[in-house]
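Observations on the three-dimensional arrangement
Spelled out, the chains give:
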Amino acid sequence: MLKQIKLTAYLFICILSITESFAQKESRLYGNSPYSALGIGDIFSGSAIAYDAMGGTGLSFGNGIAVNTINPALLAKNRYVSFNTGLRGQYKTLSNGTLSQSDFGMNLSHITLAFPVKTKWTTAITMQPYSGVDHEARFTQTIAGTDKSVSHTYKGQGGLSKAAWSNGVLIGKKLYVGAETGFYFGSFRRDTTSLLLVSSDDLYQRYTDRVSTSGFAFKTGFAFQQKLTEKWNLNVGGTYEIQSKLKGERIRTYSTLYDNGTGPQVIQKPDTLAIYNGGMTLPSKFALGISLESPYKWTFAAEYSRQDWTQYRNFDGKAESNLTNSEKIAFGVEYLPKFTSTKYFNQVFYRAGFQQVKTPYLVNGTHIKDNSFSLGLSTPLAYRSVSYIDFSVAFGNRGVVGNGLVKENYIKMSLGFSLMDTRWFLKPKID
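Remember, it's a predicted structure, so these values are computed and weren't measured experimentally. (Residues numbered from 1 in each chain as written. Predicted model: local features only at pLDDT ≥ 70, side-chain atom pairs only at ≥ 80, totals over all residues. Heavy atoms only, no water.)

1. Looking at the overall build of the protein chain
A tally of regular secondary structure across the protein chain gives two helices and 18 strands. Taking 22 Å as the expected radius of gyration for a compact globule of 431 residues, we find that the protein chain reaches 24 Å, a close match to that expectation. If you line up the protein chain on its principal axes, its C-alpha atoms span 90 × 45 × 40 Å. The buried share of the protein chain, taken over its 431 residues, is 48%. In the protein chain, of all internal contacts separated by at least 6 residues, the share reaching a separation of at least 24 is 66%. Carbon and sulfur atoms provide 60% of the accessible area of the protein chain, an area that totals close to 21,200 Å². Side chains of the protein chain give 46 positive and 30 negative charges; the mean places of these two sets differ by 11 Å. (Helix = DSSP H or I, 4+ residues; strand = E, 2+ residues; numbered from the N terminus. Rg over C-alpha atoms; globule rule 2.2 N^0.38 Å. Buried < 20%, exposed > 50% of the residue type's maximum accessible area, 1.4 Å probe, protein only. Contact = heavy atoms within 4.5 Å. Areas by Shrake-Rupley, 256 points an atom, 1.4 Å probe, with all protein chains shown as cover. Lys, Arg positive; Asp, Glu negative; His and termini not counted. Charge placed at Lys NZ, Arg CZ, Asp CG, Glu CD.)

2. Re the pairing of strand β13 (residues 298–308)
Here ten bridges tie strand β12 (residues 285–294) to β13, and the two strands are oriented antiparallel to one another. What sits directly across from G289, in β13, is E303. Hairpin connection between β12 and β13: a loop of three residues separates the two successive antiparallel strands, and Y296 in this loop has a positive phi of roughly 55 degrees. Pairing of β13 with strand β14 (residues 325–335), which is carried by eleven bridges, proceeds in the antiparallel orientation. Counterpart to A301 in the pairing with β14 is G332. (Pairing = 2+ DSSP bridges.)

3. Looking at the side chain of R250
Positionally, R250 belongs in strand β9 (residues 244–259). A distance of 3.1 Å separates the side chain of R250 from the side chain of D316, its partner in a polar contact. Setting aside its immediate chain neighbours within four residues, R250 contacts D209, R210, V211, A274, I275, Y276, F315 and D316. (Polar contact = N/O pair within 3.5 Å; in protein donor to acceptor, adjacent residues only side chain to side chain.)

4. Section: the environment of M127
Residue placement: M127 occurs in strand β4 (residues 121–142). Relative accessible area serves as the criterion here: at 40%, M127 is assigned to the partly exposed category. Separated by 287 residues in sequence, M127 and S414 have C-alpha atoms that sit 17 Å apart. The contacts of M127, once residues within four sequence positions are left out, are H110, I111, K162, A163 and F185.

5. Section: a nonpolar patch on the surface
A surface patch of nonpolar side chains, amounting to about 880 Å² of accessible area, comprises I171, L175, F218, F222, F224, V236, Y240, I242, F286, L288 and I290. Counting only elements with at least two residues in the nonpolar patch, the list comes to β7 (204–227), β8 (233–241) and β12. Within the fold, F218 resides in strand β7. Classification of F218 by relative accessible area gives partly exposed; the value is 33%. (Patch = residues over 30% accessible without salt bridge, like charges linked within 9 Å, V, L, I, M, F, W, Y side chains within 5 Å. Salt bridge = Lys/Arg side-chain N within 4 Å of Asp/Glu carboxyl O.)

6. Examining the environment of P337
Counting through the fold element by element, P337 comes out in the loop between β14 and β15 (349–363). On the basis of relative accessibility, which here comes to 13%, the residue P337 falls in the buried class. Separated by 125 residues in sequence, P337 and S212 place their C-alpha atoms 49 Å apart.

7. Digging into the confidence of the model for the protein chain
When pLDDT is averaged along the protein chain, the result is 87; 90% of the residues meet or exceed 70. Scored below 50 in pLDDT, residues 1–27 makes 34 contacts in the model with residues more than four places away or belonging to other chains. (pLDDT = per-residue confidence, 0-100.)

Okay, structure coming up:
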C-alpha cells in the first residue's frame, strides 16, 4: 500500500516537472495551429488515454480499470479507487503548398481521481483542458505611396480548462446513468505587433486583446448493456451536454516595445484602451455509441457526435461566419489475450481505431476535415497488477493545400497512468 502511494506521488511529480518545462516554452497540447485562431481554438476530445487508441471511443463500454471521462454513467464500472493522469503531445508539419514548417507541443492531459461511494455508485473529480489557442503568423506589407515596409506578427495563446465532478450509478443490472457538473475557466490573449522597417532603432507597436472567462457546464449520460449470448454483450450509450453561458472580462491595451538584441521588451507601462464585461455561449453537444463486447476479451465500438457551432457566440455576443456544424464518426477495437492468465503479455490490452472529424472550421468556403488512424496498448504496471500504463499513437492530417488553406500532417502521442488500489474504503474484518 505504502509503495503504491509513493509510486503515485513520484509519477505525479515527474509529470508536473515535465509539464512546467514545456509551459516555459509556451507550448500547448498540440503546438502551433493556424486553425486554433478561430472560435475558442482546438477542442480536445476529453477521452481517457487508454481509449485514444480506439479512435477516442468509450460512450458505451468500460472495463473498470481506465476511468471513463466522456460518459459519466460508466463510472459505475469502477469499483475501486482509481487515479489517472498522463501526457499528450503532437509532432506536426504544416504546409500551404509553397512553405512548410514543423512544430511540436506536449503538456499534461488530465488528472482524475475516482472512488466508489456505494456498491453501485462511483464518483470522480477531473481537471483537464477543454480548448487550446496556439498560433503565430507573420507577413510584411509595403506602405502605399512609399518604398518603406512594415512587418506584422499575429499571435494567439490561451484556452479553456475544465474542472468536473462526475457521478455514475448502476440501476438494476443493465442500465447505467450519470451526470457531470463542470466549471470552465481560462483566458485568451491575441497580440498584433507591428514594426516599421526603416532603421534598427525602430520601436514595436503592440495591440493586445485579452479575454478572461468562466462558467458552468452540465452533461448527462446513459449506457445500457444487453446480454446476447453467454460470451457477448450489446452495449448502447450516449451523452448530452447542455449549452453553456460563460461570463468574463475583456481588456485591450497598447504597448511600445524595443528590441535590444534579446527580443522585443516593453519599455513603458501599457496604455489601457478599454475594459468591459461580456460573455460567451458554447453550443450544446450530443453523442451516441454502440459496441459489441466479450468482457475482458474483445470490444468493437462505433460512435457519432455532433455539435452545432453556428450557435456559438463570441465575447461580443456575435456569431462567427467561419464556424459551422462539427461532426465526428469513430471506430475502435480492443483485444485482451487472456485475463485469467498468469503470463504478463496475456494481460496487455491491444487497441486500434479510426476517426473522421468534420471540425467546426469553415475557411474560404471549405469545411476543414481531420482524419486519423490510431494504435495503442495498456500494459500492467507490475506482474498481476490492476494498475496500467497506457500508450497511444495516432497518424493523421487536417485541412488541405490550396485555396489559401494549410494542411497539417501529424503524429499524436499519449502516455497515461491508470493507478488502482483495491483496498481503500474496505472495512477491516476482525475475527
